[in-house]
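Descriptive analysis of the structure
Listed here are the chains, written in short residue letters.
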Amino acid sequence: MNDMRLTKQDVDMQDVKISAKGVQVFYGDTHAIKDVDVEIKDKTVTAFIGPSGCGKSTFLRCLNRMNDTIDICRVEGSIQLDGENIYDKRVDPVQLRAKVGMVFQKPNPFPKSIYDNIAYGPRIHGLAKNKADLDEIVEKSLRRGAIWNEVKDRLHAPGTGLSGGQQQRLCIARAVATEPEVLLMDEPCSALDPIATAQVEELIDELRANYSVVIVTHSMQQAARVSQRTAFFHLGNLVEYGETGTIFTNPTDPRTESYITGRIG
Amino acid sequence: MSLADANTPAPSAAPKSSILTTDARTKKRNRAEARFKAYGIGAIVLGLAFLAALLVSIIGNGIPAYTQTFVTVPVYLDPAVVDKQGNRDPAEMAKTTTFGYAPLIQNAFATEVSQNGITTDMAPKKLADILSASATGQVRQTVLDDPELVGQTVEFRLLASSRVDGYLKGRVTREALARDKNLDAAHLDIIDTLRTAGVVNRTWNWDFIFGADASESRPEQAGIGVSMVGSLFMMLVVLVLSLPIGVATSIYLEEFAPKNRWTDIIEVNISNLAAVPSIVFGILGLAVFIQFGHLPKSAPLVGGLVLTLMTLPTIIISTRAALSAVPPSIRDAALGIGASKMQSVFHHVLPLAMPGILTGTIIGLAQALGETAPLLLIGMVGYIASNMPDGIAAGFMAPNSAMPAQIYEWAKRADPAYYERAWGGIIILLLFLMTMNIIAVILRRRFERRW
Ligand SMILES: Nc1ncnc2c1ncn2[C@@H]1O[C@H](COP(=O)(O)OP(=O)(O)OP(=O)(O)O)[C@@H](O)[C@H]1O
Ligand SMILES: [Mg+2]
């Protein structure tokens, strides 16, 4: 109880980027997310952890309304981005997704050139006035994706021809190219080797300077390394949410403790 | 003793099997596998044998249709016959009918025969049975096209009659002529001599490919060209209508439509439509386009509309299969960076589905090209395609036949010379289908991309 109040104060002091209240998600009759309240802070990395099937991806996909693409999915409650409800009738999800970018678990570059992969977002959002502008955006994004040095000589080679780790960094670069305010990452390192993982983690740390990053991960070490705040989900409930350090060293809920120590999952 | 005993395995354990010998179970499985492979190879060999037999019979029967027997005859274009007024006015000259030209040609041919040292007691009229009945028309048309020729002796390459052509192709024998009123054995002797003299020869015949159909009694004159044009205009209609409608329908159903009872019903019905016999589409076309819509009978436009109805389900089914084969991660990727649904479909999904869509469309078109049954009911089968359409509009609206309808029509006619032409037509039809399939393969290769 005491902890919860502390968290509240903490949040009030810093900017709250996304604030979810009483979120419920149903897939048909399946109740996948049960009454979740979360406040995600700006310029912070927030990690979602929890056993498989507990609803991490589902909740993440609520934050940029990717769940709209699933016919049977129904979302209740309110999620506010900078104080505006993203499930308001007036919100166009397409416009929202330009602000809340997403990187998927499996690298999914377009079967186009590396350049076009990055340039696509800026093109459809009209972020570049001319070719030189676009070139600059592409270079900047690839640098931020920590992949520029590897691909600068073959920008017009197909993005699908890269290795898995390079593809994932390309996807991250593609996501940052549209200048989102929030970046959602669903297990971005699950297909990567330790070296690529380290690169991506480094990248996430850099991104924190400008964005609010939410990352789903199955690796407790990763959550501990990259995030400042951690949320633990279990069977659709948000069990515990707070400073990463606190969650890992001194969890309040017994379920969190057993998960972290490897007894449930 | 007891020490050695301890090292040997207990006798109760099963003997260790060696992997160097195959046990009964493995043998049985291997035999089953070998049998299955043999069935497969057998089926393929049987299929290839049928294909080979088909090709051999088609080519063997059809190739002769591409050559034709011609007789080279110098004809004196007597002004007294062809230009009675003497003013070289084509309108006036047209008053001389083909009948008027007959004596000219008969006499010219008789002269040619005697000049080659042949003596015969046949009258010129009977002698000219060697020539096709179309000869008079050919000479008349040449004169009308160029009145300056009147009064000159012009060398004409006239079609021989189909009996003579059949004789050169080995189809007509002397015995068979005993029962034939059109030609006598005596004619054949003359032909043999004229052949050595180079007056009668059998050469490649472009007119079969590009020419028009002829009447029942003149198979030597018939060509598939006009019905080919009919098929071409039909295919244009089919392509222009079924590709956009089919692709748009598929995109809507696959990417945009909510999955509910209504779309389920539509889906099931599209699959059912693909299985509807084509003749049903024919009668639908008759009722809707001709009787209700008052479009002209036998017109390639109507044929194209009917074939569009028939092709649409094929295109829709293959396009939807191609769309759903595009991995959903591509759609997520596009949506995830803020592309709209439509942008994600048109920029990413559609290009990836393109090879499948094009293949489906071409296969649908190829099906439509070879389809005969629906054309029966809208009057394209049985129409004698004897005139090239003049102009694009006429190409769509003027009555015409189509390649498979033409082939059916020829196969139905009594004269064996037409039978040969039916096979010849099949070769062209197959060449078209093969070309379309090759194009489908090439397009698929060109557009195929990894993801
Ligand atoms: N498209 C869907 N249709 C129906 N049920 C779904 C769908 N996606 C997820 N679910 C259900 O919702 C629940 C939460 O799934 P979710 O994918 O969010 O889990 P997760 O925490 O991301 O698991 P993982 O760690 O394995 O990725 C699961 O019970 C799952 O079966
Ligand atoms: Mg997940």
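Per an unreviewed UniProt entry, chain B goes by the name Phosphate transport system permease protein PstA and belongs to Aquimixticola soesokkakensis.

As recorded by an unreviewed UniProt entry, chain A carries the name Phosphate import ATP-binding protein PstB and is attributed to Aquimixticola soesokkakensis.

**Things to note about the overall build of chain A**
Along its length, chain A carries 11 helices and 10 strands. Taking 18 Å as the expected radius of gyration for a compact globule of 265 residues, we find that chain A reaches 18 Å, a close match to that expectation. Dimensions of chain A, computed from the C-alpha atoms along their principal axes, are close to 55 × 45 × 40 Å. Burial statistics for chain A: of 265 residues in total, 54% are counted as buried. In chain A, once contacts between residues fewer than 6 apart in sequence are set aside, the share between residues at least 24 apart is 67%. Surface summary for chain A: the accessible area is close to 11,800 Å², and the carbon and sulfur share equals 49%. Looking at charge distribution, chain A has the averaged site of its 32 positive side-chain charges lying 3 Å from that of its 36 negative ones.

**Structural notes on the packing of helix 5 (residues 98-115) of chain B against helix 7 (residues 135-145) of chain B**
Residue and element names in this part refer to chain B. Axis separation between helix 5 and helix 7 bottoms out at 9 Å; the angle between their running directions is 100°. Judged by the angle between their axes, helix 5 and helix 7 are roughly perpendicular. Across the interface between the two elements, T98, Y101, A102 and I105 from helix 5 touch A135, T136, G137, V139, R140 and V143 from helix 7. Considering only residue class, the contact of helix 5 with helix 7 consists of 6 nonpolar, 3 polar and 1 charged.

**Let's talk about the interface of chain A and chain B**
At the interface, 25 residues of chain A touch 19 residues of chain B. Both faces combined, the contact of chain A with chain B buries some 1,800 Å², and carbon together with sulfur accounts for 61% of it. When the area that chain A buries against chain B is broken down by residue, the three leading residues are F110(A), P111(A) and Y120(A), summing to 28%. The interface formed by chain A and chain B contains 0 salt bridges. The interface formed by chain A and chain B contains 5 residue pairs in polar contact (both at pLDDT 80 or more). Of all the secondary structure elements, the ones that give two or more residues to the side of chain A that touches chain B are helix 3 (93-99), strand 6 (100-103), helix 4 (114-124) and helix 7 (164-177) of chain A.

**Some words on the UniProt feature "transmembrane region" (unreviewed entry) in chain B**
When the UniProt feature table is mapped onto this chain, "transmembrane region" (unreviewed entry) is found at residues 38-60, 228-253, 273-295, 301-323, 344-366 and 422-443 of chain B. Taken end to end, residues 38-60 of chain B is 100% helix and 0% strand, and its first and last C-alpha atoms sit 32 Å apart.

**Here we look at the state of the cysteines**
Residues and elements named next belong to chain A. Counted under the stated rule, the structure contains 0 disulfides over all chains. Of all cysteine sulfurs, the one in C189 lies closest to C171, which takes part in no disulfide; the gap is 12 Å. Take C171: its relative accessible area is 3%, and that puts it in the buried class.

**Quick look at the environment of P374(B)**
Residues and elements named next belong to chain B. Structurally, the position occupied by P374 is in helix 18 (residues 373-377). Taking the relative accessible area as the measure of exposure, P374 reaches 0% and is therefore buried. When the C-alpha positions of P374 and N269 are compared, they lie 20 Å apart, and in sequence the two are 105 residues distant. Excluding its chain neighbours within four sequence positions, the residues that come into contact with P374 are S278, G282, V306, L307 and M310.

**Digging into the packing of helix 4 of chain A against helix 5 (residues 131-144) of chain A**
Think of two packed helices as two axes; the pair is described by the angle between the axes and how far apart they sit. Residue and element names in this part refer to chain A. Viewed as axis vectors pointing N to C, helix 4 and helix 5 meet at an angle of 110°, and their least axial separation amounts to 9 Å. On the basis of their axis angle, the class for helix 4 and helix 5 is roughly perpendicular. Judged by the sense of rotation from one axis to the other, the crossing of helix 4 with helix 5 is right-handed. For the pair formed by helix 4 and helix 5, the contact residues are I114, Y115, I118, A119, P122 and R123 on the first element and K131, L134, D135, I137, V138, S141 and L142 on the second.

**Topic: the site of ligand 1**
Residues and elements named next belong to chain A. For ligand 1, the set of nearby residues contains 13 residues, the closest of which are S52, K56, S57, T58 and H218. G55 places a polar main-chain atom, nitrogen or oxygen, 3.0 Å from an oxygen atom of ligand 1. Contact between ligand 1 and E187: an oxygen atom at 3.3 Å from a side-chain N or O atom of the residue. With the chains in place, 64% of the 630 Å² that ligand 1 exposes on its own is no longer accessible. The element best represented in the shell around ligand 1 is helix 2 (residues 56-63), accounting for 3 residues. By residue class, the composition of the shell around ligand 1 is 5 nonpolar, 6 polar and 2 charged.

**Thoughts on unusual backbone geometry**
Residues and elements named next belong to chain A. Phi at E179 is positive, roughly 55°, even though this residue is not glycine. Positive phi, close to 50°, is recorded for L235, a residue that is not glycine. Locating L235 in the fold gives a position in the loop between strand 9 (229-234) and strand 10 (237-243).

**Considerations on helix 21 (residues 416-447) of chain B**
Given 3.6 residues per turn, any residue in an α-helix points the same way as the ones three and four places further on. Helix length check: helix 21 of chain B, at 32 residues, gives a terminal C-alpha distance of 47 Å against a target of 46 Å (1.5 Å per residue), a fit within 8%. Here helix 21 of chain B starts with a cap whose side-chain oxygen sits 2.8 Å from the backbone nitrogen of A417(B), and that cap is D415(B).

**Observations regarding a nonpolar patch on the surface**
Residue and element names in this part refer to chain B. Residues I44, L48, L51, L54, L55, I59, I63 and L430 make up a contiguous nonpolar surface patch of roughly 710 Å² in combined accessible area. Per element, the largest residue contribution to the nonpolar patch is 6 residues, and it comes from helix 2 (residues 24-62). When you line up the elements, L430 lands in helix 21. A relative accessible area of 32% means that L430 is categorised as partly exposed.

**Side note on the environment of D264(B)**
Residue and element names in this part refer to chain B. Summarising the element assignment, D264 is placed in helix 13 (residues 261-274). Assessed through its relative accessible area of 43%, D264 is described here as partly exposed. C-alpha of D264 to C-alpha of A411: the two residues are 147 residues apart in sequence and 44 Å apart in space.

**What to know about the confidence of the model for chain A**
All names here are of chain A. When the pLDDT values of chain A are averaged, the result is 88; 94% of them are 70 or greater. Across chain A, element-level confidence peaks in strand 3 (residues 45-49) with a mean pLDDT of 95 and bottoms out in helix 1 (residues 2-13) with 45. For the stretch residues 1-13, pLDDT sits under 50, and the model shows 12 contacts to residues farther than four places along the chain or on other chains.

**So, the nonpolar core**
Residue and element names in this part refer to chain B. Ranked by internal contacts, the top residues of the largest apolar core, which has 46 residues, are M235 and I428. Those elements that place two or more of their residues in this core are helix 11 (206-210), helix 12 (225-256), helix 14 (278-292), helix 15 (300-324), helix 17 (341-370), helix 20 (403-412) and helix 21. Looking at this core element by element, the count peaks at 9 residues for helix 21. Apart from residues no more than four positions distant in its own chain, M235 is found in contact with L307, L365, A368 and L369. One finds M93, A110, Y167 and I191 within the second-largest nonpolar core, a separate group that totals 40 residues.

**Comments concerning the sheet that holds strand 5 (residues 84-85) of chain A**
All names here are of chain A. Read from one edge to the other, the open sheet built from 4 strands follows the order 2-1-4-5, with strand pairing classed as antiparallel. Looking along the sheet, the strands with just one partner apiece sit at the ends: strand 2 (30-41) and strand 5. Across 8 bridges, strand 1 (residues 16-27) lies against strand 4 (residues 73-81) in antiparallel orientation. Residue pairing for strand 4: Y27 is matched across the bridge by C73.

**Here we look at helix 7 of chain A**
Residue and element names in this part refer to chain A. With 14 residues, helix 7 extends 20 Å from end C-alpha to end C-alpha; this agrees with the ideal 20 Å at 1.5 Å per step. Counting buried positions over the 14 residues of helix 7 gives 13, a clear majority of the element. Of the residues one or two after helix 7, E179 is the one with positive phi, at around 55°.

Parameters and conventions
Residues numbered from 1 in each chain as written. Chains lettered and ligands numbered in written order. Predicted model: local features only at pLDDT ≥ 70, side-chain atom pairs only at ≥ 80, totals over all residues. Heavy atoms only, no water. Helix = DSSP H or I, 4+ residues; strand = E, 2+ residues; numbered from the N terminus. Rg over C-alpha atoms; globule rule 2.2 N^0.38 Å. Buried < 20%, exposed > 50% of the residue type's maximum accessible area, 1.4 Å probe, protein only. Contact = heavy atoms within 4.5 Å. Areas by Shrake-Rupley, 256 points an atom, 1.4 Å probe, with all protein chains shown as cover. Lys, Arg positive; Asp, Glu negative; His and termini not counted. Charge placed at Lys NZ, Arg CZ, Asp CG, Glu CD. Axes fitted to C-alpha atoms, helices over the stretch in contact; angles between N-to-C directions. Parallel < 35°, antiparallel > 145°, perpendicular 65-115°, else oblique. Nonpolar A, V, L, I, M, F, W, Y, C, P; charged D, E, K, R; others polar. Buried area = accessible area lost by both parts, 1.4 Å probe. Salt bridge = Lys/Arg side-chain N within 4 Å of Asp/Glu carboxyl O. Polar contact = N/O pair within 3.5 Å; in protein donor to acceptor, adjacent residues only side chain to side chain. UniProt positions renumbered as here; feature names shortened; annotations may be inferred. Disulfide = S-S within 2.5 Å. Left-handed = near helix turned anticlockwise from the far one by under 90°. Near = heavy atom within 4 Å. Expected span 1.5 Å × (residues − 1). Patch = residues over 30% accessible without salt bridge, like charges linked within 9 Å, V, L, I, M, F, W, Y side chains within 5 Å. pLDDT = per-residue confidence, 0-100. Core = buried A, V, L, I, M, F, W, Y, C linked by side-chain atoms within 4.5 Å. Pairing = 2+ DSSP bridges.

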